[in-house]
Amino acid sequence: DKWVYTFGDGAAEGRAGDRNLLGGKGANLAEMCSLGLPVPPGFTITTEACNRYYANGKSYPEGLERQVDTALEHIAKLTGRRFGDPEKLLLVSVRSGARASMPGMMDTVLNLGLNDETVLALAKDAEDPRFAWDSYRRFIGMYANVVLDLDHEEFDEILGDEKARAGVELDTELSAKDLERVASLYKKKVEEETGEPFPQSPRDQLWGAIGAVFSSWMNHRAITYRRLHDIPESWGTAVNVQAMVFGNMGETSATGVAFTRNPSTGEKALYGEFLVNAQGEDVVAGIRTPQNITEVARIAAGSDKPSLEKLMPETYRSFIDIANRLEKHYRDMQDLEFTVERGKLWMLQTRSGKRTARAALRAAVEMAGEGLITEDEAVARIDPASLDQLLHPTIDPKAERNVVATGLPASPGAATGEIVFSSDAAEDARAQGKKVILVRAETSPEDIHGMHASEGILTTRGGMTSHAAVVARGMGKPCVSGAGGLRVDARAETLTAAGQIFRKGDVITIDGGSGQVLKGAVAMVQPELSGDFAKIMEWADSKRRMKVRSNAETPADARAARSFGAEGIGLCRTEHMFFDATRIVAVREMILADTEEGRRTALAKLLPMQKSDFAELFEIMAGLPVTIRLLDPPLHEFLPHSEEEIAEVAAAMNVETDRLRERADALHEFNPMLGHRGCRLAVSYPEIAEMQARAIFEAATEAAQASGKPIVPEIMVPLVGLKSELDFVKARIDAVAREVAAETGTRLDYLVGTMIELPRAALQAGSIAHSAEFFSFGTNDLTQTTFGISRDDASSFLDVYRRKGIVEQDPFVSLDQEGVGELVQIAAERGRKTRKAIKLGICGEHGGDPASIHFCEEVGLDYVSCSPFRVPIARLAAAQAAI
Ligand code: ADP
Ligand code: MG
Ligand code: MG
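Here is what the cut-offs are and how they apply
- Residues numbered from 1 in each chain as written.
- Chains lettered and ligands numbered in written order.
- Predicted model: local features only at pLDDT ≥ 70, side-chain atom pairs only at ≥ 80, totals over all residues.
- UniProt positions renumbered as here; feature names shortened; annotations may be inferred.
- Helix = DSSP H or I, 4+ residues; strand = E, 2+ residues; numbered from the N terminus.
- Buried ≥ 20, exposed ≤ 12 C-beta atoms within 10 Å, placed from the backbone.
- Contact = placed C-beta atoms within 7 Å.
- Core = buried A, V, L, I, M, F, W, Y, C linked by C-beta atoms within 7 Å.
- Domains from an automatic or database assignment.
- Pairing = 2+ DSSP bridges.
- Axes fitted to C-alpha atoms, helices over the stretch in contact; angles between N-to-C directions.
- Arc of directions from axis to C-beta.
- Parallel < 35°, antiparallel > 145°, perpendicular 65-115°, else oblique.
- Left-handed = near helix turned anticlockwise from the far one by under 90°.
- Near = placed C-beta within 6 Å.
- Nonpolar A, V, L, I, M, F, W, Y, C, P; charged D, E, K, R; others polar.

In the nomenclature of an unreviewed UniProt entry, the protein chain corresponds to Pyruvate, phosphate dikinase from the organism Mesorhizobium liriopis. Turning to the protein chain, the UniProt annotation filed under Cofactor (unreviewed entry) states: "Mg(2+)". Annotation of the protein chain in UniProt includes, under Function (unreviewed entry), the sentence "Catalyzes the reversible phosphorylation of pyruvate and phosphate."

Caption draft 1: Summary view of the overall build of the protein chain. A count of helical and extended segments in the protein chain gives 34 helices and 34 strands. Dimensions of the protein chain, computed from the C-alpha atoms along their principal axes, are close to 105 × 65 × 55 Å. Residues counted as buried form 52% of the 883 residues belonging to the protein chain. Long-range contacts, defined as pairs at least 24 residues apart, comprise 67% of the intrachain contacts of the protein chain with a sequence gap of at least 6.

Caption draft 2: Quick peek at the nonpolar core. If you look at the biggest cluster of nonpolar residues, it comprises 264 residues, and the most contacted ones within it are Ala364, Val517, Ile536 and Val864. Those residues within four positions of Val864 in sequence are excluded, and the remaining contacts are Met546, Val548, Gly841, Ile842, Gly847, Ile853, Cys856, Ala874 and Ala878.

Caption draft 3: A look at the domain arrangement of the protein chain. Per the domain assignment, the segments making up the protein chain are domain 1 (68-243), domain 2 (254-386), domain 3 (395-525) and domain 4 (547-882). On a C-alpha basis, the centres of domain 3 and domain 4 stand 41 Å from each other.

Caption draft 4: Spotlight on the sheet that holds strand β20 (residues 479-481). Read from one edge to the other, the open sheet built from eight strands follows the order β15-β25-β24-β17-β18-β19-β20-β16, with strand pairing classed as mixed. This sheet does not close on itself; its edge strands, each paired only once, are β15 (403-406) and β16 (408-411). Going across the sheet, the axis of each strand differs from the next one's by a mean of 30 degrees, ignoring polarity. Pairing of strand β18 (residues 436-440) with strand β19 (residues 456-459) involves four bridges; the strand directions are parallel. Within β19, the residue paired with Ile437 across the bridge is Gly456. Most of the contacts of helix α16 (residues 423-431) go to β18, to which it runs at about 175 degrees, and overall it touches β17 (414-420) and β18.

Caption draft 5: Expanded view of the UniProt feature "domain: Pyruvate phosphate dikinase AMP/ATP-binding" (unreviewed entry) in the protein chain. UniProt tags residues 61-294 and 310-367 as "domain: Pyruvate phosphate dikinase AMP/ATP-binding" (unreviewed entry). Secondary structure content for residues 310-367 is 53% helix and 29% strand, and the end C-alpha separation is 29 Å.

Caption draft 6: Representation of the sheet that holds strand β13 (residues 344-352) within the structure. Spatially, β11-β10-β9-β12-β13 is the arrangement adopted by the five strands of the open sheet, whose pairing is antiparallel. In this open sheet, the two edge strands, each paired with only one partner strand, are β11 (291-292) and β13. Two strands pair when backbone bridges link them, and strand β12 (residues 334-341) and β13 are joined in this way by eight bridges, in the antiparallel orientation. Looking at the pairing, Asp335 lines up with Arg351 of β13. The strands that helix α13 (residues 313-330) touches are β9 (254-259), β12 and β13; relative to β12, the one it contacts most, it runs at about 150 degrees.

Caption draft 7: Inspection of helix α2 (residues 47-55) at higher detail. Considered for burial, the residues of α2 that qualify are Thr47, Ala49, Cys50 and Tyr53. End-on view of α2: buried residues confined to an arc of 160 degrees, all on one side of the axis. A positive phi of about 65 degrees marks Gly57, the residue just after α2.

Caption draft 8: Seen up close, the packing of helix α33 (residues 850-859) against helix α34 (residues 871-882). For the pair α33 and α34, the least separation of the axes is 9 Å and the interaxial angle reads 50 degrees. Considering their axes alone, α33 and α34 lie oblique with respect to each other. Along this stretch, α33 crosses α34, giving a crossing that reads as right-handed. For the pair α33 and α34, contact is made by Pro850, Ile853, His854 and Glu857 and by Ile873, Ala874, Ala877, Ala878, Ala881 and Ala882, respectively.

Caption draft 9: Fine view of the site of ligand 1. Near ligand 1, the surroundings consist of 18 residues, among which Ser93, Arg95, Thr108, Gly280 and Glu337 are the closest. Contributions of two or more residues to the shell around ligand 1 are made by β6 (92-98), β8 (237-243), β12 and β13. Considering only residue class, the shell around ligand 1 consists of seven nonpolar, eight polar and three charged. Inspection of the shell around ligand 1 shows a minimum of three residues originating in each of domain 1 (68-243) and domain 2 (254-386).

Caption draft 10: Representation of the environment of Phe618 in the model. Structurally, Phe618 is set in helix α22 (residues 596-621). Sequence separation between Phe618 and Asp506 is 112 residues, and the spatial gap between their C-alpha atoms is 45 Å. Other than its neighbours up to four places away in sequence, Phe618 contacts Val626, Ala699, Ala700, Ala703 and Ile711.

Caption draft 11: The pairing of strand β23 (residues 500-503), seen in detail. Summarising the sheet, strand β22 (residues 494-497) and β23 pair through four bridges and their orientation is antiparallel. Bridge pairing in β23 links Ala497 to Gln500. In sequence, β22 turns back onto β23 through a hairpin of two residues, with Ala498 there showing a positive phi of about 45 degrees.

Caption draft 12: Representation of the packing of helix α14 (residues 357-370) against helix α19 (residues 531-543). It is the contact of α14 with α19, at a shortest axis distance of 9 Å, that shows an interaxial angle of 65 degrees. You can see that α14 and α19 cross each other, and the crossing is left-handed. Between α14 and α19, the contacting residues are Leu361, Arg362, Ala364 and Val365 on the first element and Asp532, Phe533, Lys535 and Ile536 on the second. Tallied by class, residues from the contact of α14 with α19 come to five nonpolar, no polar and three charged.

Have a look at this one:
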């Protein structure tokens, strides 16, 4: 079996298309080589080798060692250097790389192959021995952290002490001698902690690092990241071993990162940062404040440090050439990593750049305009879920701003919250329902959970490409980074800004669009959905087949739904109108009445309220279809709880409190979700359904007359399992329709349909369709009843199930296409067989989930319905499903 693929010097065994086998990084290194770009030679150990490693109880597959040796020979041939040979020293980096990019999740070891002997050889070869010792201390530090699993903070402390001793502030100011001392203190630390000397054999070092990359696939951070991003464990990671090039060889050397377009705004302008005499992740880790690559960006940022363009004009020009070439080649915005060794440029990574939703839209629209991609591709490029970011509020331009500091606008949107200084504190506060801003010097991968729990992130160090910035953009959270004017004392839990001290729990606002940090809460405005957003939506709408409706019952939701482009209401939950404080007493009267007459009295009070509810919805929706579901939840949910509430209802009904309490006890249910609810209510108490039907017909008749446009209400009967249930309720609805027609003198067209939310209904859809004019798949209940799990109780074990790989997805978030999906498919087929033109839709939460929407397209549903804020997501996802 082939486990190892080599690349280097204009040729490679792999290609960009081999991402599954070689990981994203390995596949793109191979591709860049084949394009003839300057890439240090190396090889990639496949993801299959990683999977085999785990399958074999963590031992390397047969033949791997031999293939690695051969590949090292290949590097030797291309570089004239040999691994472990002090005369012709070859150092390598060992880099992980999964299929999907997992920023910061996997660790890289640089300068591998150094030991007490080879460091001397390197020092002798180099112009400046400082470089050799800098490389060695970095190597020991990284190896100790990544491979030996020692805490990096202790090593940082040693470095900090040494800087203090030497009286310098920056690591670049340390001399060769200083760094030699650091290296030897690092080694001592390793021996203290592990009880063994720092490994001196390059071969042992190499295999130690390869093993560590494989192991990092199962580390806590990686597992968390995978869970958050739905990346299957079975993908595995590849390992890249690559000849080192050195950005820390002095003033003509540098390392940097860049995006071919601005990742925050999408503007077509190369955006990047670099550091002179630095290595690896120095730029991202915020060790020093990085410099801009282009002169334009430098001026815009008001930086007094020279740009790469000014400092190394020739290197800059070749870099720009390569960046342009790569963007054309991949036909997408690229995220590049490079190193300059004594003026010579080396490319170390390229990948599709992560970007904010706003940037994604602008880049897609502009790339389509440039002819780089087609309109279809532009639509397909946008992650529907990311549109959520654009629906975030920003600071009201008219609001007063009490600015206490300014940093970099690292991720757009504004957020207000209480200050917390650690990720754990963020999680705790979130659990108590508080909104928080995470304030840190800089974030690291250990902060992912805290960032998730926060409304926004504020850091005092780090640039636009720092960890905090990259991750926040990915999460769609506002972030201000590198606010150098702030001082954070994490131990004392204080933040000092503009002479003021803020403590944990104090409220601040951050504006990720301007980089400002403001005192207190500030008024926000909703975003305008025009420009690039509107353009992509226009393209999406022209490509999708399914309609998109919204679940809405309040006028505010209905208006929001329309403004987001909803083409009707797919689910109006009438019970939401019943919980209203002004109505609940009448509702309770109705429920607790023990005679039909008593119920009719209460229902008479509710009728005008329901009627006006519906009238308003019809008016807002202006002739678009509106599906109204009859009362669905168990009456149990409306029961009065406290003695006060019981007394209030008793007074309204003019009955004794004791009698009322008895009746309430009698209505108590043990499993209300499987109890007296849905159409079962309409069967027991037809007068409730009759009242609702009357309210609908009267409101629709009046609204139609007022607007002069016909309104065809769709009345939906919930929780039907038997055709006879539907027939019973439908007969009542039809009777009310005839009554209202007689009273008003106008005949109204309407549809009666049913939810499909029980397995029996799905199976019997062929027979139910004789009575139902439409089906709406209520996939929340259908998921509960198909799995036999309760949504309210499932989180306790679903989390365990996900962790243990029993299920990959929460079936309440993304439709279980195999099981629940099969029922949907069966019902759709059988329903259509009976009634060719039957209207089919979905109204569960899944109606706003892109993967589920794809499934709905496959089954050929006519529409999806989701909450108002997800309407744009659904429009885009429906278009992508149709393309
Ligand atoms: P990540 O997946 O976290 O981006 P990388 O494998 O890209 O990690 O390594 C991080 C950084 O280490 C790179 O951006 C680059 O600066 C540096 N690096 C990796 N390999 C080499 C190499 N062969 N020579 C010089 N620098 C390297
Ligand atoms: Mg990294
Ligand atoms: Mg990288």
